Amino acid sequence: MGLRSGSRRRLDQEDQTAPQGVLGRLGAVRRAQQITTYGVGSMVAIGDQSYLVSGLDSWKVGRDFDIREPRLESDLGVRGFYLPPASDPPAGDGVRVRRFPTTYSCQGCGALKPYSGFNSPKGRGHCGHCDRAVTPSRFVVACTKGHLSEFPYWEWTHRGQEATSSGSTDRCRMKLISTGRTASLRSIVIQCSCGKKASLEGAFSGKAMKRLGIVCEGRRPWLGDDAGQPGCKEALQALQRGASAAWFPVVRSALTIPPWHKALMQLVMRREHRRHLVGKDDARITEYAADEGWLADGRYTPADIVDAVRTLEAAEREEDPDPENPDALELADALRTEEFRQLSSTTEDTPENQHFVCVPADVTPSSPTVPGVEQTMLVKRLREVRALTAFTRVTAPMPSDPPGRRARLHRGGVSWLPAIEVIGEGVFVRLDTDRLRAWESTVESQPAAPHLEGLRQRHLKMLRDRGDTQPQSPVSPRLVLVHTLAHALINEWSLDCGYPAASLRERLYVSDEMAAFLLYTATSDSAGSLGGIIAQGQPERLASSLDSALRRNSWCSADPLCMEADASGADGLNLAACHACVLLPETSCELNNILLDRALLVGSPELGISGYYAQAYE
C-alpha cells in the first residue's frame, strides 16, 4: 500500500484449508487504522476477498508494554497498552484475520454458497464449476449489541418456510442474479433450485428481519465460532459489508500531563526498570539508579528518582473505575479536569519535559484584546494516547451507552488494550467566566431557551431509545457555545494556516467550573507535523481569525433555513448547523457533529436570540 515498513502492519489469515498454524500474508494497513478503521471486529477488504480482524486473544505481543499512560490505564482498568503489531520483527508477526462473510457468489454461474463449497484451486478464488471469480457477499446482518452474522439468504427467499420442510437448506441450491435493470436492490434476485425466488428490495428496512421472525443469535465471529452469546434476541439490521455502520470504534484518550510528561517518569515506567524500583526502599532505589548510570551526569538526584518511583506507586494504588457507571460525557470527568488545570498553568520548555510544554501567549501592551477569551495558552508539545476499548455496530457509540451495547475485543483474561500515541502541538482557549455567566443568564429568558430545551429532550429520547434507563443529557448553553466556537475556529484555521480540517481536532472542557477547548494536531501522518498551529494562538492572529470566523458564521449559504431550523442533523441533535457552516470531518469532532448552534455564537436578531458574540454584528 505504499507505506514505509515502520508504519505498516501485516494482516494474516488463519488458512482453514491448510494445516493448523499455517499463516499467509494477505495485506497491510497502517497501525493507526487498527484503532480507528480496521480494529478488532471490523471487516477489511483485501483484493477481492473480505476478512474479519480477530480478537486480542490471537495477537502476539511482547512482554514489555509499548505505551504507558498511568492516568488512562487507571481510568480503563488495564495494566498498559500495546501498539498494533507490525509485520516486521521485533514488533510482531501481524494481526490474525478470519474469512467473513463466508458466503460467496460466482460471477459466472451465479452460484451462492459458502466459499468452501466452490472447490477453488489453492490460492485462487475461482468457481470450480465455471472457473470464474467468486466474490464475498455484499450483505451481512448485525444487531446493536455488536453481534454479526451472514445474511440469511435462504430465509429471505423462502419467506416463512421452515428449513426442516421439503425445501431443506441441504437440498436447495441458491443463485444470485443481477438483472441490471436498475441500480436498486430490486435488481438483485435470489433464486432457489426449488423454484422460490425473491429480490432484495426492502431487506434494509429496520423491521425486515423481524417480520421474517429472524432474531440475533449472538454470534461473535471475530472471537471464534464458539464465542457466541446465545439468547440475544435483538432485532437484526441488514448492512452492506463496507458500510460505515458495520463498525464504530469506541476510543478513549488522555493527554500526558505532569508529572507523567517527564523523561524520568517514562524511564522508571519501563518494565525492565520498574520491577527493580516499585516496592523497594529508598536505599535500594538509589543503588539501582547509580548502577544504571542515572546519577552520573548530574541530571537526576537520588531524591528525583525516589519521588518518581513513589508517584508511580501511588498511581498504581488508585482504585479502578466502576465499568458499570461510565461518565455521561468525557468533557467533565476526572481526566479532563486534571488536564484543564495543567493547561491553565505554565509548564516550561526544558529538555526534561518530554511530552508536555504549555506556556502563555506572548502579550505586549500593544497586543489586541481577544473578545470573550480569558486565557490563551500555547501547547508547544503534547502527547495524546488513544486506546481502542470496544466497538459498536448499526449505531454510533455514545458515552452513556450501557455496557451491553459495546462489543468486547477479547474473550477475557487480557489486561491490556491496543493504542497509538500522537505527538503534536495545540492552542488552549478558555472563555471569559464573568462574561459567559452573564450571557447564560440572558439566554434563559430568550427564545433560545425553548430551542435548547427541545434539543435536550431529543437527546434524552435518543439515550432512552439506546437502552439508557436513567439518561442524563449535558445539553446546556455553555456546552453548545463552546462546541460551536471550537468548530468555527477549526474551519477558519484550516483556511489560514494550511492544515486540512481533518488534521485538527478539538478537545472540550465543559462543566460548571470549566469552559474551554484545546485545538491541536491530531494525526500521526505528515500533516500533523507541519508546524504553525502555535502561531494561531498569538493575540494578533487569534483576534483576527476569531473575527473572521464569526463573520463567516454570521451567514450561511443555506440561510434562512439553517438559522431558523428547530432541529437538524442526525436525530435532530443540532440547531443552526449544517455542512455549509460549522460541521467538521468526523475525525475532528468529539461529539459526532451534534450539539451545535450558530445562533448561540453570533446571535439572530430575527429570532430574538442574543449570541455570545452578537454585539459585534448588531
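Residues numbered from 1 in each chain as written. Predicted model: local features only at pLDDT ≥ 70, side-chain atom pairs only at ≥ 80, totals over all residues. Heavy atoms only, no water.

A.B. asks: Explain helix H10 (residues 433-443) to me, using residue names and the numbers behind them.
C.D. replies: Looking at H10, one finds that the buried residues are Leu436, Trp439, Glu440 and Val443. For H10, the angular spread of the buried residues around the axis is 105 degrees, confining them to a single face. Buried-residue contacts for H10 involve helix H11 (448-465), helix H12 (477-496), strand S21 (515-521) and helix H14 (599-602). (Buried < 20%, exposed > 50% of the residue type's maximum accessible area, 1.4 Å probe, protein only. Helix = DSSP H or I, 4+ residues; strand = E, 2+ residues; numbered from the N terminus. Arc of directions from axis to C-beta. Contact = heavy atoms within 4.5 Å.)

A.B. asks: Go over the packing of aromatic side chains, please, and point to the residues and values.
C.D. replies: Counted by the stated rule, this structure contains 16 aromatic pairs. For the ring pair Trp59 and Trp416, a centre distance of 6.2 Å and an interplane angle of 45 degrees mean the geometry is tilted. Remark: Trp416 occurs in strand S19 (residues 416-431) and Trp59 occurs in the loop between strand S4 (49-53) and helix H2 (70-76); sequence separation between them is 357 residues. The burial state of Trp59 is the same as that of Trp416; both residues are buried. Grouped by ring-pair contacts, the aromatic residues Phe139, Phe151, Tyr153, Trp156 and Phe204 constitute a single cluster. Positioned above the aromatic ring of Tyr115, the side-chain terminus of Arg99 is 3.9 Å from the ring centre. (Phe/Tyr/Trp six-rings, centres within 6.5 Å; stacked < 30°, edge-to-face > 60°. Lys NZ or Arg CZ within 6 Å of the ring centre and 35° of its normal.)

A.B. asks: A description of unusual backbone geometry should follow, citing residues and the corresponding values.
C.D. replies: In this model, Pro258 is joined to Pro259 through a cis peptide bond whose omega is 5 degrees. Here Pro259 shows up in the loop between strand S16 (248-255) and helix H5 (263-268). Put simply, Asp559 and Pro560 share a cis peptide bond, and its omega is 5 degrees. Of note, Pro560 is situated in the loop between helix H13 (539-553) and H14. The backbone of Asn592 sits at a positive phi, close to 55 degrees, despite the residue not being glycine. With respect to the helices, strands and loops of the structure, Asn592 is situated in the loop between H13 and H14. On the accessibility criterion, Asn592 (44% relative accessible area) is partly exposed. At Leu595, a position not held by glycine, the phi torsion is positive, near 60 degrees. When you line up the elements, Leu595 lands in the loop between H13 and H14. Look at Leu595 and you get buried, because its relative accessible area is 2%.

A.B. asks: Go over the sheet that holds strand S11 (residues 148-150) with me, naming the residues and quoting the values.
C.D. replies: Strand pairs in the sheet, formed through backbone hydrogen bonds, run parallel or antiparallel to each other. Here three strands make up an open sheet; going across it, the order is S11-S10-S15 and the pairing antiparallel. Whereas interior strands pair on both sides, the edge strands pair on one side only; in this sheet they are S11 and strand S15 (237-240). Going from strand to strand, the sheet's axes swing by 40 degrees on average, the running direction of each strand aside. (Pairing = 2+ DSSP bridges. Axes fitted to C-alpha atoms, helices over the stretch in contact; angles between N-to-C directions.)

A.B. asks: Residue-level account of the pairing of strand S6 (residues 95-99), with values.
C.D. replies: Counting buried positions over the five residues of S6 gives four, a clear majority of the element. Taken together, the three bridges between S4 and S6 define a ladder with antiparallel strand orientation. The residue of S6 that forms the bridge with Val53 is Val97.

A.B. asks: Break down the pattern of salt bridges for me, citing the residues and quoting the values.
C.D. replies: Between side chains of opposite charge, a pair can form when the charged atoms approach closely. In total, this model carries 24 salt bridges according to the counting rule given. The salt bridge involving Glu73 is made with Arg68; its shortest N-O contact spans 2.7 Å. Since its relative accessible area comes to 7%, Glu73 is described here as buried. Linked through salt bridges whose partners overlap, the residues forming this network are Arg71, Glu338, Glu339, Glu384, Arg386 and Arg507. (Salt bridge = Lys/Arg side-chain N within 4 Å of Asp/Glu carboxyl O.)

A.B. asks: I'd like a description of the nonpolar core, backed by residues and values.
C.D. replies: Side chains that are nonpolar tend, in soluble globular proteins, to be buried together. Ranked by size, the top nonpolar core spans 61 residues in total, and within it Leu455, Trp493, Leu508, Phe517, Leu600, Leu601 and Tyr613 carry the most contacts. For this core, the element with the most residues is H12, which contributes ten residues. Discounting residues that sit within four places of it in the chain, Tyr613 has contacts with Pro371, Gly372, Val373, Arg435, Leu485, Leu546, Leu550 and Leu601. Counting 43 residues, the second largest nonpolar core, distinct from the first, contains Val40, Val97, Ala407 and Trp416. (Core = buried A, V, L, I, M, F, W, Y, C linked by side-chain atoms within 4.5 Å.)

A.B. asks: Residue-level account of the confidence of the model for the chain, with values.
C.D. replies: The pLDDT averaged across the chain works out to 84; a share of 88% of its residues lies at or above 70. Considering only residues more than four positions removed or in separate chains, one finds that residues 12-23, a stretch of pLDDT under 50, has 21 contacts. Low confidence marks residues 319-328, where pLDDT is under 50. Its contacts with residues over four positions away, or in another chain, come to 16 contacts. (pLDDT = per-residue confidence, 0-100.)

A.B. asks: So what's going on with the packing of H10 against H12? Which residues, and what values?
C.D. replies: Remark: H10 packs on H12, axes separated minimally by 10 Å, with the N-to-C direction vectors making an angle of 120 degrees. Here H10 is positioned oblique relative to H12, judged by the angle of their axes. The two elements H10 and H12 cross, and the hand of that crossing is right-handed. Of the residues in H12, those touching H10 at Leu436, Arg437, Trp439, Glu440 and Val443 are Pro477, Arg478 and Leu481. Of the residues in the contact of H10 with H12, the class split is five nonpolar, no polar and three charged. (Parallel < 35°, antiparallel > 145°, perpendicular 65-115°, else oblique. Left-handed = near helix turned anticlockwise from the far one by under 90°. Nonpolar A, V, L, I, M, F, W, Y, C, P; charged D, E, K, R; others polar.)

A.B. asks: Give me helix H9 (residues 334-343): which residues, what numbers.
C.D. replies: Listed as buried for H9 are Leu335, Arg336, Glu339, Phe340 and Leu343. Within H9, the buried residues cover an arc of 130 degrees as seen down the axis, which keeps them to one side. Relative to its buried face, H9 has exposed residues pointing more than 90 degrees away, namely Ala334 and Arg341. For H9, the N-terminal cap is Asp333; the gap from its side-chain oxygen to the backbone nitrogen of Leu335 is 3.3 Å. (Polar contact = N/O pair within 3.5 Å; in protein donor to acceptor, adjacent residues only side chain to side chain.)

A.B. asks: Got a sec to walk through the packing of H12 against H13? Specific residues and values, please.
C.D. replies: Here H12 crosses H13 at 110 degrees, and the two axes come no closer than 9 Å. In this view, H12 runs roughly perpendicular relative to H13, as classed from their interaxial angle. Contacts from Leu485, Ala488, Leu489, Glu492, Trp493, Leu495 and Asp496 in H12 reach Leu542, Ser545, Leu546, Ser548, Ala549, Arg552 and Asn553 in H13. Its residues assigned to classes, the contact of H12 with H13 shows eight nonpolar, three polar and three charged.

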